Amino acid sequence: NAGVTQTPKFQVLKTGQSMTLQCAQDMNHEYMSWYRQDPGMGLRLIHYSVGAGITDQGEVPNGYNVSRSTTEDFPLRLLSAAPSQTSVYFCASTQEGATYNEQFFGPGTRLTVL
Amino acid sequence: AQSVTQPDIHITVSEGASLELRCNYSYGATPYLFWYVQSPGQGLQLLLKYFSGDTLVQGIKGFEAEFKRSQSSFNLRKPSVHWSDAAEYFCAVRSNTGKLIFGQGTTLQVKP
């Protein structure tokens, strides 16, 4: 199993550009999440999904969109990038109910918005 | 609202010394608690978790944590730190809606 994979690893955008961060898992997990990590703030939940076709907002959803058309994939879209979105983004997945929310994390995407 | 506080932003210990990282949580019911470690440039890896039962839980890499309900704490310990333990450590609690709430993180530096 590859676990949770994220692409790209690094990305630089200009203000106003859009892009999609990719996340995929091969563990057949129902629950997937996107977090952003900023210094001194830990990880903050952006959006999450409890299964294909179902998504919901987390703590800091503004400026981001998600969709979940398959169990495996959970892309995160930045509609119009802003410098405040400079961060490290982590995708995570868990088999809800099976391992009590032990979340498996991807390696992260480091995004810089100029 | 549920929350997690890690009072120490940065800790430095000498290699071979003991380690304790503090974590305090705010949660009304019996919490599900976790410690994760993040090595530089890497994602988060689960060290250990507590749901119920024995309040002293063992994890990977020689770490353990003790749940103390009276103090709302879940401190992480290791008897002898190795240089490879240098990383950032996150405490987390599962909220009543099933989501994880993370603390701010503690960066551990290990002196040779």
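Summarised in this report is the structure supplied together with it. For every chain, the first residue of the written sequence is number 1, and numbering continues from 1 along that sequence. Chain A is the first chain written and ligand 1 is the first ligand written, with later ones labelled in order. pLDDT decides what is reported in this predicted model: residues at 70 or higher carry local features, side-chain atom pairs at 80 or more are listed and counted, and totals for whole chains, interfaces and linings draw on all residues regardless. Only hydrogens and water are set aside; all other atoms, that is, all heavy atoms of the structure, feed into the side-chain values.

**Describing the overall build of chain B**
Broken down by element type, chain B carries zero helices and twelve strands. By definition, any uninterrupted DSSP run of H or I lasting at least four residues is a helix, any uninterrupted run of E lasting at least two residues is a strand, and each is numbered from the N terminus. When the helices and strands of chain B are read in sequence order from the N terminus, they spell out β-β-β-β-β-β-β-β-β-β-β-β. Scaling as 2.2 N^0.38, a compact globule of 112 residues should have a C-alpha radius of gyration of about 13 Å, and chain B matches this with 13 Å. Oriented by its inertia axes, the alpha-carbon framework of chain B measures out at about 40 × 30 × 20 Å. Burial classification: accessible surface area is computed with a 1.4 Å probe over protein chains only, and a residue below 20% of its type maximum counts as buried, one above 50% as exposed, and the rest as partly exposed. Relative to its 112 residues, chain B shows a buried fraction of 46%. Contacts spanning at least 24 positions in sequence make up 53% of the contacts within chain B whose residues lie at least 6 apart. Charge counting treats Lys and Arg as positive and Asp and Glu as negative, with His and both chain ends excluded. Where a charge sits is defined by one atom per residue type, namely NZ (Lys), CZ (Arg), CG (Asp) or CD (Glu). When the 10 positive and 8 negative side-chain charges of chain B are each reduced to one mean point, those points stand 7 Å apart. The globule rule used for comparison is 2.2 Å times the number of residues to the exponent 0.38, while the radius of gyration itself is calculated over C-alpha atoms. Two residues form a contact once any of their heavy atoms are found within 4.5 Å.

**Some thoughts on the state of the cysteines**
All names here are of chain B. Working definition: a disulfide is two cysteine sulfur atoms within 2.5 Å of each other. Scanning all chains against the criterion turns up two disulfides over all chains. Put simply, C23 and C91 are joined by a disulfide, and their sulfur atoms are 2.0 Å apart. Between C23 and C91 the disulfide shows an S-S torsion of about -65°. By sign, it is left-handed. Remark: C91 occurs in strand 10 (residues 87-94) and C23 occurs in the loop between strand 3 (19-21) and strand 4 (24-26); sequence separation between them is 68 residues.

**With respect to the interface of chain A and chain B**
The interface is formed by 19 residues belonging to chain A together with 20 residues belonging to chain B. In this assembly, chain A packs against chain B so that about 1500 Å² is buried in total across both faces, 57% of it on carbon and sulfur atoms. What counts as a salt bridge is simple: a side-chain nitrogen of Lys or Arg found within 4 Å of a carboxyl oxygen of Asp or Glu. Where chain A touches chain B, the interface holds zero salt bridges. Here a polar contact means two N or O atoms within 3.5 Å. Within protein one must be a hydrogen donor candidate and the other an acceptor candidate, and residues neighboring in sequence count only if both atoms are side-chain atoms. At the junction of chain A with chain B, the criterion picks out three residue pairs in polar contact (both at pLDDT 80 or more). Of the residues that constitute the side of chain A that touches chain B, the class distribution is ten nonpolar, seven polar and two charged. Buried area, as used here, totals the accessible surface that two parts lose on assembly, with accessibility defined by a 1.4 Å probe and the loss added over both. Three classes are used, and their members are as follows: Ala, Val, Leu, Ile, Met, Phe, Trp, Tyr, Cys and Pro are nonpolar, Asp, Glu, Lys and Arg are charged, and the others, Gly among them, are polar.

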